[in-house]
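Residue-level structure breakdown
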Amino acid sequence: MEEQKIAVNLLTTNKTEFFREPEHFYFLKDHYLKILESGKLTFYFWCAACSKGQEPYTLAMVLEKLLMDSNQKWDYRILGTDINTEVLMRAGAGQYSDEEIQNSISNENLGRYFQKGTGANEGLYRVKDKLRQKIKFKVHNLLDPMETHGLYFDVVFLRNVLIYFDRETIVKVVTHIMKRMNPGALLFIGHSENLPEIDGLEYLGRAIYKKRDLESPKTSQKTSESKKTKVFVIDDSPVFRKFFQKLLETSSDLEVIGFASEPKEALEKLNTLKPDVVTLDIHMPKMTGVEFLHKYKIQDKIPVVVVSALSLNEGDSVLNALEMGAVDFIQKPLLLVKQFYRLH
């Protein structure tokens, strides 16, 4: 049993950070400001792949701000689960290095919700009890049903984990989770992920789903068709643009709606096409992807996935793009692109 735990801890991916994919939290604030008038006293949240705890603690900071700004009396509880026992221990401890905190948390939130370490703990920050007492962490395998002893969730975060599953497993995982969601509850997934058609879920856009109310009819075929995630590709290579389009055409959930070979062209088309996701090449002759993000800040409005021939460990440019707000990174499969070029 101990050997199995060690294997799981070594194999699971635990990339995470505070306020990752922030537009989900903006949506959540707008959504809950509208439903607080319902009179519900306690809201329940589940971070279903919480890793080292940054996501549930971010959620708690957002909810605390909502509480401060609200005239209504309400409260919240957060459950954070993960299959990896080592990262859960870190999450429960709520202790983070200066590198993990830097550039992701405002000075206001840092002072309000974190204690700065001194002496032997210099360079570390610990989440204050005010947040920690609202969150419970436990081990859970997403492939198994979740037993919550009659508790149902109003919001579930299931972000940046489904990308590692095949279609059949995704359906299994989401079906398990839906059984523990209240009617009308929200489900957030990663911006670089997509769900197959699952009965009972309504797509709201921007990687956000809603569990249909019990009395709601099934959506029409038109709604089903509009569920596709609209992708806009920015890349100076015509070969890669064609390859990427052919690749995404194999998915029933993704649709390429436009291309641009350079930033100026991209800006003109983005205002018209309004995609759900933008893929951005790093190395372009007129302006690099990093310069594009820095100058125009499209990542503040549209999720941006960096696509580069470099690996994540090879170039500062990729890391810079992620630090500036790009939600994910995909390495170009150069061998497949070359084969595609020879065939076409």
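Attention here is on the structure that accompanies the text. Source: prediction; values computed, not measured.

**Section: the nonpolar core**
Core analysis: the biggest nonpolar cluster contains 36 residues, and L28, F45, L59, I78 and F114 have the highest contact counts within it. Per-element accounting of this core gives the leading share, seven residues, to helix α3 (residues 54-69). The residues contacting F45, other than those within four sequence positions of it, are L28, Y32, L59, L63, Y76, R77, I78, L79, F153 and V155. L79, L142, L201 and Y209 belong to the second largest nonpolar core, which has 25 residues in total.

**A word on the sheet that holds strand β13 (residues 277-281)**
Within the open sheet, the five strands sit side by side as β12-β11-β13-β14-β15. Their pairing is parallel. Because the sheet does not close on itself, it has two edges, and the strands there are β12 (254-260) and β15 (328-331). When strand polarity is set aside, the average angle formed by the axes of neighbouring strands in this sheet is 25°. Strand direction decides the pairing type here: strand β14 (residues 304-308) and β15, joined by four bridges, are parallel.

**Observations concerning the pairing of strand β9 (residues 201-205)**
Pairing of β9 with strand β10 (residues 208-211) involves four bridges; the strand directions are antiparallel. By the bridge assignment for β10, E202 is matched with K210. Counting the residues between successive antiparallel strands, the hairpin from β9 to β10 contains two residues, one of them, R206, with a positive phi of roughly 55°.

**A look at helix α11 (residues 263-273)**
All of the buried residues in α11 are P263, A266 and L270. For α11, the angular spread of the buried residues around the axis is 45°, confining them to a single face. Of the exposed residues in α11, those oriented more than 90 degrees away from the buried face are K264, E268, N271 and T272. Where the residues of α11 are buried, they touch β11 (229-234), β12, β13 and α12 (289-296).

**What about unusual backbone geometry?**
With glycine set apart, most residues show a phi of negative sign, and most peptide bonds adopt trans. At F19, a residue that is not glycine, the phi angle is positive and equals roughly 55°. Turning to its location among the elements, F19 is positioned in the loop between α1 (2-11) and α2 (23-35). Phi angles above zero are rare outside glycine, and R206 is one such case at about 55°. Tracing the chain through its elements places R206 in the loop between β9 and β10.

Here is what the cut-offs are and how they apply
Residue positions are counted from 1 within each chain, in the order its sequence is given. Residue-level local features of this predicted model are given only where pLDDT is at least 70; pairs of side-chain atoms are given and counted only at 80 or more, and the full residue set underlies all totals for whole chains, interfaces and linings. In computing side-chain properties, one takes all heavy atoms of the structure into account and sets aside hydrogens as well as water. Residues belong to a common nonpolar core when they are buried Ala, Val, Leu, Ile, Met, Phe, Trp, Tyr or Cys residues joined through side-chain atoms within 4.5 Å. Between buried and exposed lies partly exposed: a residue is buried under 20% and exposed over 50% of the maximum accessible area for its type, with that area taken using a 1.4 Å probe on protein chains only. Under the DSSP-based scheme used, a helix requires at least four consecutive residues in state H or I and a strand at least two consecutive residues in state E, with every element numbered from the N terminus. Pairs of residues are marked as contacts when any of their non-hydrogen atoms sit within 4.5 Å. When DSSP finds two or more bridges between two strands, those strands count as paired. Geometry is summarised by axes, namely lines fitted to C-alpha atoms with helices restricted to the contacting stretch, and by angles between N-to-C directions that run from 0 to 180 degrees. Directions are taken from the helix axis to each C-beta atom, and the arc is the one they span.

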